[in-house]
Amino acid sequence: ETGVTQTPRHLVMGMTNKKSLKCEQHLGHNAMYWYKQSAKKPLELMFVYNFKEQTENNSVPSRFSPECPNSSHLFLHLHTLQPEDSALYLCASSQGHGREVGETQYFGPGTRLLVL
Amino acid sequence: AQTVTQSQPEMSVQEAETVTLSCTYDTSESDYYLFWYKQPPSRQMILVIRQEAYKQQNATENRFSVNFQKAAKSFSLKISDSQLGDAAMYFCAYRSYTSGTYKYIFGTGTRLKVLA
């Protein structure tokens, strides 16, 4: 389970704080993803990066800002979040170009975020 | 818009018995993939099995198999000879890429308990 790592595993922040989530994949993949997992709601795809280029942004509020400096690292910068943003944030990676719809996604363990 | 519905929030199965988790979806697309993912407690989500819509033959992976009914838009997961390690949240997911739009839709999940 060390293919995709995420730090921190837990984060508590106030609404005025700025924090960043980090994801790293050690699988040589070219596509990376951010998902939001809220209790009793479906997993929501937030962003897709393909060869460091953002290819999908599913109407995510601007208080979430992704960054992909290379194919192995993905960040999610957080600022002025709301309590309803509290959730498990999952990172995933896949081998192809992100548009190979049948390819396997490999997930990280997630960052449990609590916004006070 | 595409939707994925898992109508069973929780299921229980006796160890060594067989259980079937249901999933229905709605789409007007003809080319897509369906997936079942497993998320054990506090552990990473992993792919269990996938099915390409164009393939009539149901996918199987060891003790896991699917019953794919394309016309009925049904995609159930059968777990045979259930083991304690099968206890987890199971998510049904739909993925497609059509006309420059990437869709990856998850259901709300089914929690499977395995009784010793």
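Let us look at the structure shown here. Since the structure is predicted, the reported quantities are computational estimates derived from the model, not experimental observations.

The full count for this structure, using the stated rule, is five salt bridges over all chains. Salt-bridge contacts for Glu44 of chain A lead to Lys41 of chain A; the nearest nitrogen and oxygen are separated by 3.8 Å. With a relative accessible area of 42%, Lys41 of chain A lands in the partly exposed category. In this structure, Glu10 of chain B engages Lys113 of chain B in a salt bridge whose closest nitrogen and oxygen atoms are separated by 3.4 Å. In this pair, Glu10 of chain B is assigned in strand S2 (residues 10–14) and Lys113 of chain B in strand S12 (residues 110–115), connecting sequence segments 103 residues apart. By relative accessible area, which is 38% here, Lys113 of chain B ends up partly exposed.

For the rest of this paragraph, the subject is the pairing of strand S5 (residues 33–39) of chain B. Side chains on a regular strand alternate between the two faces of the sheet. Residue and element names in this part refer to chain B. Burial analysis of S5 places seven of its seven residues in the buried class, which makes it a mostly covered element. Of the two faces of S5, the one carrying Tyr33, Phe35, Tyr37 and Gln39 and the one carrying Leu34, Trp36 and Lys38 are both buried. In this structure, S5 lies alongside strand S6 (residues 46–52), joined through six bridges in antiparallel fashion. Bridge pairing links Tyr33 to Glu52 in S6. The hairpin turn running from S5 into S6, its antiparallel successor, is six residues long, and Ser42 in that turn takes a positive phi close to 60°. Relative to strand S10 (residues 88–98), S5 runs antiparallel, the two being bridged by seven bridges. Across the sheet, Phe35 pairs through a bridge with Ala93, a residue of S10.

What counts, and at which threshold
- Residues numbered from 1 in each chain as written.
- Chains lettered and ligands numbered in written order.
- Predicted model: local features only at pLDDT ≥ 70, side-chain atom pairs only at ≥ 80, totals over all residues.
- Heavy atoms only, no water.
- Salt bridge = Lys/Arg side-chain N within 4 Å of Asp/Glu carboxyl O.
- Buried < 20%, exposed > 50% of the residue type's maximum accessible area, 1.4 Å probe, protein only.
- Helix = DSSP H or I, 4+ residues; strand = E, 2+ residues; numbered from the N terminus.
- Pairing = 2+ DSSP bridges.

Such coordinate-based values are descriptive only and should not be taken to indicate function.
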